[in-house]
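# A closer look at the structure
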Amino acid sequence: MSIEQSSQSNSLVDVLETVLDKGVVIAGDIRVGIADIELLSIKIRLIVASVDKAKEIGMDWWETDPYLNSKASQDKLREENESLQKRLEELENRLG
């Protein structure tokens, strides 16, 4: 008894692999207005790609976003701490 594989799932995997390898950009604008007066403008930009491809094209914002990366959060806290320590030293020098 042989096991048959669906060609549809293989093609879906191929499409997904191609999309992640090459990347896909979707862009659109939504504008709401009344009587030639623009009330709302929304610009939507979406890129779907693998992390490697995103880094290759210069997108790495998630590495420095403190909400998405604990290391970035620690770096931000470290910088804030150093800044506060400098301010404290300056104030202590003024007083004493």
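The paragraphs below set out a description of the structure included in this document. No experiment lies behind these values; they were computed from the predicted model shown.

### A word on unusual backbone geometry
Positive phi values are uncommon outside glycine, yet alanine 35 reaches one of about 50°. Position of alanine 35 among the secondary structure elements: in the loop between strand S1 (24-34) and strand S2 (37-48). Residues other than glycine seldom take positive phi values, yet aspartate 36 does so here, at roughly 60°. Of note, aspartate 36 is situated in the loop between S1 and S2. Using a relative accessible area of 85% as the deciding quantity, one classes aspartate 36 as exposed.

### Quick word on the environment of valine 48
Among the structural elements, valine 48 can be located in strand S2. For valine 48, a relative accessible area of 33% corresponds to the partly exposed category. Between the C-alpha atom of valine 48 and that of lysine 22, which follows or precedes it by 26 residues, the distance is 9.1 Å. Among all residues touching valine 48, those that are not within four sequence positions of it are Val19, Leu20, Gly23 and Val24.

### A word on the pairing of S1
Pairing of S1 with S2 involves 11 bridges; the strand directions are antiparallel. Within S2, the position partnered with arginine 31 by the bridge is serine 41. Connecting S1 to the next strand, S2, in antiparallel fashion are two residues, including alanine 35 with a positive phi near 50°.

### Section: the pattern of salt bridges
A complete count under the given rule lists three salt bridges for this structure. The closest approach of N and O atoms between lysine 53 and glutamate 56, which form a salt bridge, is 3.4 Å. Of this pair, lysine 53 and glutamate 56 both sit in helix H2 (residues 51-56), three residues apart, which is roughly one turn of that helix. Of the residues examined, glutamate 56 reaches a relative accessible area of 60% and is grouped as exposed. In this structure, the salt-bridge partner of glutamate 63 is lysine 55, at a minimum N-O distance of 2.8 Å. According to the relative accessible area criterion, lysine 55 is partly exposed, its value standing at 43%.

What counts as what
- Residues numbered from 1 in each chain as written.
- Predicted model: local features only at pLDDT ≥ 70, side-chain atom pairs only at ≥ 80, totals over all residues.
- Heavy atoms only, no water.
- Helix = DSSP H or I, 4+ residues; strand = E, 2+ residues; numbered from the N terminus.
- Buried < 20%, exposed > 50% of the residue type's maximum accessible area, 1.4 Å probe, protein only.
- Contact = heavy atoms within 4.5 Å.
- Pairing = 2+ DSSP bridges.
- Salt bridge = Lys/Arg side-chain N within 4 Å of Asp/Glu carboxyl O.

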